[in-house]
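Understanding the architecture of this molecule
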Amino acid sequence: MNKQFYALGIDIGSTTVKIAIIDQEHHILFSDYERHFANIRETLSHLLKKAYEKLGNLSIHPMITGSGGLTLANHLEVPFVQEVIAVSTALSDYAPQTDVAIELGGEDAKIIYFEGGNVEQRMNGICAGGTGSFIDQMASLLQTNASGLNEYAKNYQSLYDIAARCGVFAKTDIQPLINEGATKEDLSASIFQAVVNQTISGLACGKPIRGHVAFLGGPLHFLSELKATFIRTLQLDEEHIVSPDNSHLFAAIGSALNYKQDNICDLHTMVEKLSSHIQMEIEVERMEPLFASKEEFQAFEERHNSHLVATKDLTTYEGNCFLGIDAGSTTTKIALVGEDGSLLYSFYSNNNGSPLATTIASIQEIYSLLPPSAKIVRSCSTGYGEALIKSALLLDEGEVETVAHYYAAAFFNPSVDCILDIGGQDMKCIKIKDGTVDSVQLNEACSSGCGSFIETFAKSLNYTVEDFAKAALFAKHPIDLGTRCTVFMNSKVKQAQKEGAAVADISAGLAYSVIKNALFKVIKVSSAAELGRQIVVQGGTFYNDAVLRSFEKIADCEAIRPDIAGIMGAFGAALIA
């Protein structure tokens, strides 16, 4: 072995890229860790440039590992090593006393048992419940990030039971707790506890975790309280805790330790190879574009812009007004309607867990605008918080959501026979027969076809929901994401991104999949023709033109989307009043 010997380990995970450069004494000369937001090539190139600036043009023995590393390894002609082998190598070098390693990543969780030379690995299969992405999702619910959760959790008083199985169910557990005034400190600690329970029960499946336990991976490295929760739950003492300094880079360090003597190149060549365009092979199916041409889109826009509700200025209105309030699970919608059905005032806002306060703020605004010549004569509430709002504000009546939605839809199309409503976390399909509500279907267990699902995705790609939706309209090759759980869609999206799919293709693919989930998984129709011919669509999610268009394509119909699609419940309640 010559004197200047260096090995480069690259670990490409589901959400981050890690690199480590070591010398022959296994000292780490350079290491770094960055989120890749699915731009794996650029991120790796950026990290290698940093290494180049610090260490110069070293000759290195490169090695790649990680869930996203195989395709890249083939293109860069760099050998690939299995992640579990890389981690085991690093542990036997840096912490040989380890009996069990717990490793959490962005979308994966593993427990590795070392028993007298045997290595047994257990990984999360079909659910990404207790992983880094899950923690990110929960943090955004408390309007913070993962490190914010960690700060809050330091001062917790008590713990609540939260489901770590499905990200969307955990939201449903947390939302009422927020509404009941649970502190962010307690909620943050409870989220960490849920992750720990999910990892231990879901992966160990009763196999005891004892001896020296090593904690590896980004979430356990950066979130001290998450690690503390594991230690508390497993009842470990100081002597049995193994937490190496670079625990988040272990797979990268391990892959460097597995270097191949015959594979050598310099840093500069690696960076050059990455800057040339790499064409990945396609594994994810593609679908037809939403709009074949700009003209088709213009015709679509014109058709939908004709479904408008008449509006009048509240400050100059004379006569009686009717107030409708729709208190949903995550949003509050309010409509004030005149005697002729014209809309005088509308309000749509996230209730941030306190529907009553949001409603009161809006009603105070109405009274500040209301002229002496106008009078609110009747009021009606509907939705998730119908009873609460009705009794708190002494309204005249409360009405079930389905009826309120039917009144609103019939206002736009008297012969409506189906109403499809997709909201943030819920969706319903209301069938109308002879002017009455015939049947109602709701999503029960899964909310992968709802609005919050698109929002979560847009955020993870650094887009606003609006820009993300616009991008979809003229996507050339929308990806087929199928009808699956939110976090698995994540992995399908990641796979497509590795294959070079553009953001537009992903956004269009999501629009298709939201509708497919709604129709085939929730409403369970065998063919979209069962819905009816006179369809009114509503709910905030249909403001997204891409979702509306994919619905029309899949259901092969021309639906009516009122311009007030997001506040139809409130509008219906006002019409009832």
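Residues numbered from 1 in each chain as written. Predicted model: local features only at pLDDT ≥ 70, side-chain atom pairs only at ≥ 80, totals over all residues. Heavy atoms only, no water.

Time to look at the state of the cysteines. One pass over the structure, following the stated rule, counts zero disulfides. Cysteine C321 shares no disulfide, and the gap to the nearest cysteine sulfur, in C380, comes to 16 Å. The class for C321 is buried, based on a relative accessible area of 0%. (Disulfide = S-S within 2.5 Å. Buried < 20%, exposed > 50% of the residue type's maximum accessible area, 1.4 Å probe, protein only.)

Under the counting rule described, the total for this entry stands at 23 salt bridges. K312 is paired through a salt bridge with D340; the nearest N and O atoms lie 2.6 Å apart. Here the residue K312 occupies a position in the loop between α12 (294–304) and β11 (319–327), and D340 occupies one in the loop between β12 (331–338) and β13 (343–350), the gap between them amounting to 28 residues. Overall, the relative accessible area of 42% leaves K312 in the partly exposed class. The salt bridge partner of K428 is D421, with a shortest N-O separation of 3.6 Å. Assigned by exposure class, K428 and D421 land together as buried. Look at the salt bridges and you will find they share partners, linking E83, E103, D108 and K110 into a network. (Salt bridge = Lys/Arg side-chain N within 4 Å of Asp/Glu carboxyl O. Helix = DSSP H or I, 4+ residues; strand = E, 2+ residues; numbered from the N terminus.)

On to helix α20 (residues 545–555), then. Within an α-helix, residues lying three or four positions from one another point in the same direction, as the helix has 3.6 residues per turn. Burial within α20 is extensive, with nine of its 11 residues counted as buried. Looking at α20, one finds that the buried residues are D545, A546, V547, L548, R549, S550, F551, E552 and A555. Its side-chain oxygen placed 2.9 Å from the backbone nitrogen of A546, N544 serves as the N-cap of α20. Backbone geometry just downstream of α20 places D556 in the positive-phi region, at approximately 50°. (Polar contact = N/O pair within 3.5 Å; in protein donor to acceptor, adjacent residues only side chain to side chain.)

Moving on, we get to the environment of S342. Within the element layout of this structure, S342 appears in the loop between β12 and β13. In terms of polar contacts, S342 uses its side chain to reach the side chain of D340, at 2.8 Å.

So, about the domain arrangement of the protein chain. Assigned domains within the protein chain: domain 1 (6–95 + 251–274), domain 2 (100–243), domain 3 (294–306 + 419–559) and domain 4 (314–413). Taken together, the contact between domain 1 and domain 2 spans 10 residues of the former and 16 residues of the latter. It is Y33, V84 and L91 in domain 1 that bury the most area against domain 2; as a group they hold 39% of the surface buried on that side. Scanning the region where domain 1 abuts domain 2 turns up two salt bridges. Across the contact surface, domain 1 and domain 2 share two residue pairs in polar contact (both at pLDDT 80 or more). Within the residue set of the side of domain 1 that touches domain 2, elements represented by two or more residues are β3 (28–35) and α3 (83–94). Sort the elements by how many residues they give to the side of domain 1 that touches domain 2 and α3 lands first, with five residues. (Domains from an automatic or database assignment. Contact = heavy atoms within 4.5 Å. Buried area = accessible area lost by both parts, 1.4 Å probe.)

What follows is about the sheet that holds strand β15 (residues 397–398). On the basis of which strands lie adjacent, the open sheet formed by five strands has the order β13-β12-β11-β14-β15 and mixed pairing. Looking at strand neighbours, the two that pair on one side only are β13 and β15, the edges of this open sheet. With seven bridges joining them, β11 and β12 adopt antiparallel strand pairing. Note that in β12 the partner of F322 across the bridge is V337. Across the sheet, helix α13 (residues 355–369) is in contact with β11, β12, β13 and β14 (374–382); its angle to β13 comes to roughly 150°. (Pairing = 2+ DSSP bridges. Axes fitted to C-alpha atoms, helices over the stretch in contact; angles between N-to-C directions.)

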